[in-house]
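Working through the structure, step by step
Each chain, written out:
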Amino acid sequence: EDIVRILIKNQAHLAYKEQEEDSKNNEEEEEEKDNFKPVPDPAKTGRSTPMHWASYHGHHKVVWILMKENMNPLLQDIHGNNCIHQAAANSQIKVLKCFMQFGVDLNLKNARVHTPLDLATDPETRALIKQGIETLKCSGKKSTLRARARKAHLIRGGAGGPGGVASNAAGV
């Protein structure tokens, strides 16, 4: 945790943020030119970030620090998974709770059309994700990350689509 703070203090995270901004700008330019472009291949465009690693390995304090630095948990790795998929697949409950507190969309689909719930095998992890999905259905609240996720998926061709449901997971 301390090393992450030192790295951020020395701006090590900016390379990932700059790549994200460049990617957004290119996608927005391409979107204006062609609204029906094919979904990019994650094997070519995806990359793992420090947040992917922290999410998969359960470093919830690191995830929290990176989220506070506005790092995007929705970027896809080469397999089309975002950080929420990584945390769900490895049953990282504390990391999932962190993402849920930020209001991430728990129904985003990866390149193989799997949601985090599809990747979760641990009963406690599955119950937490289901609780988060049901919480939003009841409250109807939307989040900024949900809007960001929808825009990203619409730009990428709608793999998660506008039918995804975000979660603020009350009680987490």
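Cut-offs used in this document
Residues numbered from 1 in each chain as written. Predicted model: local features only at pLDDT ≥ 70, side-chain atom pairs only at ≥ 80, totals over all residues. Heavy atoms only, no water. Axes fitted to C-alpha atoms, helices over the stretch in contact; angles between N-to-C directions. Helix = DSSP H or I, 4+ residues; strand = E, 2+ residues; numbered from the N terminus. Parallel < 35°, antiparallel > 145°, perpendicular 65-115°, else oblique. Left-handed = near helix turned anticlockwise from the far one by under 90°. Contact = heavy atoms within 4.5 Å. Nonpolar A, V, L, I, M, F, W, Y, C, P; charged D, E, K, R; others polar. pLDDT = per-residue confidence, 0-100. Patch = residues over 30% accessible without salt bridge, like charges linked within 9 Å, V, L, I, M, F, W, Y side chains within 5 Å. Areas by Shrake-Rupley, 256 points an atom, 1.4 Å probe, with all protein chains shown as cover. Salt bridge = Lys/Arg side-chain N within 4 Å of Asp/Glu carboxyl O. Core = buried A, V, L, I, M, F, W, Y, C linked by side-chain atoms within 4.5 Å. Buried < 20%, exposed > 50% of the residue type's maximum accessible area, 1.4 Å probe, protein only.

Relative orientation of the contacting elements helix H1 (residues 2–9) and helix H5 (residues 60–68) amounts to 20°, with a least axis distance of 9 Å. With respect to H5, the element H1 is oriented roughly parallel. Two packed elements cross with a definite hand, and for H1 against H5 that hand is right-handed. Every residue of H5 that contacts H1 at Val4, Arg5 and Ile8 is listed here: Val62, Ile65 and Leu66. Here the residues of the contact of H1 with H5 are counted per class, giving 5 nonpolar, no polar and 1 charged.

Scored by pLDDT, the protein chain comes out at a mean of 73, with 58% of its residues at no less than 70. Within the model, pLDDT remains below 50 along residues 33–39, and this stretch shows 5 contacts once partners closer than five positions in the same chain are excluded. Residue range residues 150–172 is modelled with pLDDT below 50. Its contacts to residues more than four positions away, or to other chains, number 60 contacts.

So, on to a nonpolar patch on the surface. Residues Ile3, Ile6 and Leu7 make up a contiguous nonpolar surface patch of about 280 Å² in total accessible area. If you trace the backbone, Leu7 turns up in helix H1.

Core analysis: the biggest nonpolar cluster contains 29 residues, and Met51, Val63, Phe99 and Ile129 have the highest contact counts within it. Within the residue set of this core, elements represented by two or more residues are H1, helix H4 (50–57), H5, helix H6 (83–89), helix H7 (93–101) and helix H9 (123–139). Among the elements that take part in this core, H7 stands out by supplying 6 residues, more than any other. Filtering out sequence-adjacent residues up to four positions away, Val63 remains in contact with Met51, Ala54, Ser55, Val95, Cys98 and Phe99.

This part is about the packing of H5 against H7. One can describe the packing of H5 onto H7 by two numbers: an axis separation of 8 Å at closest approach and a directional angle of 20°. In terms of axis orientation, H5 runs roughly parallel to H7. Regarding H5 and H7, the two cross each other, and that crossing is right-handed. Of the residues in H7, those in contact with His60, Val63, Trp64 and Met67 of H5 are Lys94, Val95, Cys98, Phe99 and Gln101. Residue classes in the contact of H5 with H7 are distributed as 6 nonpolar, 2 polar and 1 charged.

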